[in-house]
Amino acid sequence: MIPYGRQNINQADIDAVVEVLRSDFLTQGPVVQEFEKVVAVYCHANHAVAVNSATSALHIACLALGVSKGDLVWTSPITFVASANCALYCGAQVDFVDIDPHTYNLSVARLKEQLVQAEMAGRLPKVVIPVHLCGQPCDMEGIHALSQQYGFKIIEDASHAIGGRYKGEPIGNCRYSDITVFSFHPVKIITTGEGGMALTNDEQLAKHMRLLRSHGITNDALDMQPRPPEELWNYQQIDLGFNYRMTDIHAALGLSQMQRLDEFVVRRHVLAKRYNEALSSLPFVTPWQHPDSYSSYHFYVIRLKLDEINKTHRETYAALQAAGIMVNLHYIPVYRQPYYEQMGFRESYCPQAEQYFSEALSLPLYPLLSGEQIDYIIDSLESILFTKQS
Ligand SMILES: *Cc1c(COP(=O)(O)O)cnc(C)c1O
């Protein structure tokens with residue numbers, strides 16, 4: 001079986017984890033801080049807050065930006081459910097902005113139209129969460145310009161995109177956003193097992209997110225409420241936080257993986273190029289890359305030209321699975337999920353997302369995918385999808 005994604009763990013990663021296991025701190029120790037520092041420096045961001053998942057990072061990012069009951073958060077429908085769920089955790093409502101048909105990222109033209117309508121209705125979003133799908137950055141300059149005009153905040157869901165670049169600068173530098181979130185789940189670009197990180201250039205936001213990841217507790221005397229001097233107050237809970245901390249065991253793996261981040265992304269590009277060359281003559285749309293972007297190539301998504309093949313989307317998926325190739329679909333539009341459907345979203349809510357949903361497949365792509373495996377995938381695609389006779 002060829003999975004659609006998998007981690008790449010070497011001896012140095014294993015040694016780094018073992019070293020923490022033999023050390024004084026398994027959690028709340030120095031390695032988490034070191035990992036945060038290395039990611040912040042890599043991304044050219046001032047602050048990095050490590051947590052136990054990107055889902056947690058999205059949650060505390062929303063809270064730090066003040067998202068609460070009655071607020072609206074907008075995101076792309078073509079994303080993992082966590083990009084939208086974070087708003088619901090805060091009691092806010094979610095709405096979706098349809099995708100661009102070329103990049104499959106949230107469409108800035110559509111965002112603009114929706115903002116005009118929302119302003120008239122008095123229902124502007126508090127936060128917009130663009131998602132760098134497959135690691136290809138969104139049009140952040142365009143989204144940022146609209147945020148200035150309409151007064152919303154921006155969280156980049158860069159769960160796919162560490163190691164990518166936008167206009168030559170690293171994703172995560174928050175030049176066009178308030179907060180950027182990464183995921184370190186094993187299928188992502190680098191891994192900590194489970195883990196995530198929130199980056200920001202705003203010291204107050206960073207401080208607030210640090211508080212929220214650890215119960216809302218501070219031990220900084222400057223942040224504590226005055227109490228009688230004879231009482232022993234070595235910490236105070238000043239907000240309602242969570243236990244979203246990353247352990248030093250996880251951070252050691254992430255820190256070690258950071259050394260190979262660029263290598264991983266380069267390898268993904270080599271494999272994507274190989275797919276591009278082999279698939280351009282077949283009835284697929286291969287991933288289009290905006291000239292402003294250097295993708296981390298988390299996924300290699302093809303779109304089936306269904307009128308040129310003799311199988312349905314689902315049959316193609318099943319035939320590839322039967323051939324031992326674990327293709328996947330990233331993603332089913334979030335509003336089509338039963339949980340969202342019962343909030344009243346219509347089936348045809350975002351036409352471009354619907355079209356994408358009916359045609360897209362993610363082919364296996366990860367650094368350890370071999371040349372023989374990729375040839376096997378390409379050969380299987382060819383034999384499964386012989387072109388219709390006309
Ligand atoms: C993986 C993913 C998440 C959630 O990441 P976890 O670290 O598993 O919580 C959020 N958003 C997107 C776009 C993702 O791909």
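Notes on the structure in this doc start here.

What counts and how
- Residues numbered from 1 in each chain as written.
- Predicted model: local features only at pLDDT ≥ 70, side-chain atom pairs only at ≥ 80, totals over all residues.
- Heavy atoms only, no water.
- Salt bridge = Lys/Arg side-chain N within 4 Å of Asp/Glu carboxyl O.
- Helix = DSSP H or I, 4+ residues; strand = E, 2+ residues; numbered from the N terminus.
- Buried < 20%, exposed > 50% of the residue type's maximum accessible area, 1.4 Å probe, protein only.
- Near = heavy atom within 4 Å.
- Polar contact = N/O pair within 3.5 Å; in protein donor to acceptor, adjacent residues only side chain to side chain.
- Areas by Shrake-Rupley, 256 points an atom, 1.4 Å probe, with all protein chains shown as cover.
- Nonpolar A, V, L, I, M, F, W, Y, C, P; charged D, E, K, R; others polar.
- Contact = heavy atoms within 4.5 Å.
- Axes fitted to C-alpha atoms, helices over the stretch in contact; angles between N-to-C directions.
- Left-handed = near helix turned anticlockwise from the far one by under 90°.
- Expected span 1.5 Å × (residues − 1).
- Arc of directions from axis to C-beta.
- Pairing = 2+ DSSP bridges.
- Core = buried A, V, L, I, M, F, W, Y, C linked by side-chain atoms within 4.5 Å.
- Domains from an automatic or database assignment.

Here we come to the pattern of salt bridges. In this structure the tally under the stated criterion is 14 salt bridges. Of the charged contacts in the structure, one is a salt bridge between K207 and D223, with a shortest N-O distance of 3.0 Å. Taken together, the residues K207 in helix α7 (residues 203–213) and D223 in the loop between β10 (217–218) and β11 (236–237) connect sequence positions 16 residues apart. Two residues, R274 and D375, come together in a salt bridge whose shortest N-O distance is 3.1 Å. Residue R274 is found in helix α9 (residues 261–279), and its partner D375 is found in helix α13 (residues 371–384); the two are separated by 101 residues along the sequence. Relative accessible area serves as the criterion here: at 34%, R274 is assigned to the partly exposed category. Judged by relative accessible area, D375 falls into the partly exposed class, the value being 36%.

Turning next to the site of the ligand. The full set close to the ligand counts 15 residues, and T55, D157, H160, S183 and K188 are the nearest of them. In this structure, S159 approaches the ligand through a side-chain N or O atom, which is 3.3 Å from a nitrogen atom. Protein contacts shield 93% of the accessible area of the ligand, which totals 380 Å² for the unbound molecule. Put simply, the parts of the chain that give the shell around the ligand at least two residues each are α3 (54–64) and α4 (82–89). Residues that form the shell around the ligand fall into these classes: 5 nonpolar, 8 polar and 2 charged.

As for its placement among the helices and strands, D71 is situated in the loop between α3 and β2 (72–75). Those residues in contact with D71 that sit more than four places away from it in its chain are G66, A92, Q93 and K126.

Right, let's get into the environment of L133. As for its placement among the helices and strands, L133 is situated in the loop between β4 (127–129) and α6 (140–150). With residues near it in sequence (within four places) discarded, L133 still touches I78, Y104, N105, H160, Y331 and Y356.

Where helix α2 (residues 30–43) meets helix α8 (residues 248–258), the closest approach of the two axes is 8 Å, and the angle between their N-to-C directions is 30°. With respect to the hand of their crossing, α2 and α8 are arranged in left-handed fashion. Where α2 approaches α8, its residues P30, V31, V32, E34, F35, V38, V39 and Y42 are matched on the opposing element by D248, A251, A252, G254, L255 and M258. Here the contact of α2 with α8 is built from residues that sort into 11 nonpolar, 1 polar and 2 charged.

The next point concerns α9. Counted at 1.5 Å a residue, the expected span for α9 with its 19 residues is 27 Å, and the 27 Å between its end C-alpha atoms agrees. Every buried residue of α9 is listed here: L261, F264, V265, R268, L271, A272, Y275 and L279. Around the axis of α9, the buried residues are gathered within 125° of arc, so they sit on the same side. Facing away from the buried side of α9 by more than 90 degrees, the exposed set consists of E263, K273 and E277.

Looking now at the sheet that holds strand β13 (residues 293–294). Read from one edge of the open sheet, 3 strands run β7-β6-β13, paired in antiparallel fashion. Strands with a single pairing partner mark the edges of an open sheet, and in this sheet they are β7 (169–170) and β13. Bridge analysis of strand β6 (residues 165–166) against β7 gives 2 bridges, and the strand direction is antiparallel. Looking across to β7, one finds that Y166 is bridged to E169.

This paragraph deals with the nonpolar core. One finds F96, I129, I155, I179, V181, M209 and Y356 to be the most contacted residues of the largest nonpolar core, which totals 48 residues. For this core, the secondary-structure elements that each account for two or more residues are β1 (47–51), α3, α4, β3 (93–96), β4, β8 (179–183), α7 and α12 (351–357). Broken down by element, this core gets its largest block of residues, 7 residues, from α3. Split by domain, the residues of this core number at least three in each of domain 1 (11–260) and domain 2 (262–385). Not counting residues up to four positions away in its chain, the partners in contact with M209 are V49, I60, A61, A64, I179, A198 and T200. In this structure, V31, L115, A161 and F182 belong to the second largest nonpolar core, which totals 47 residues.

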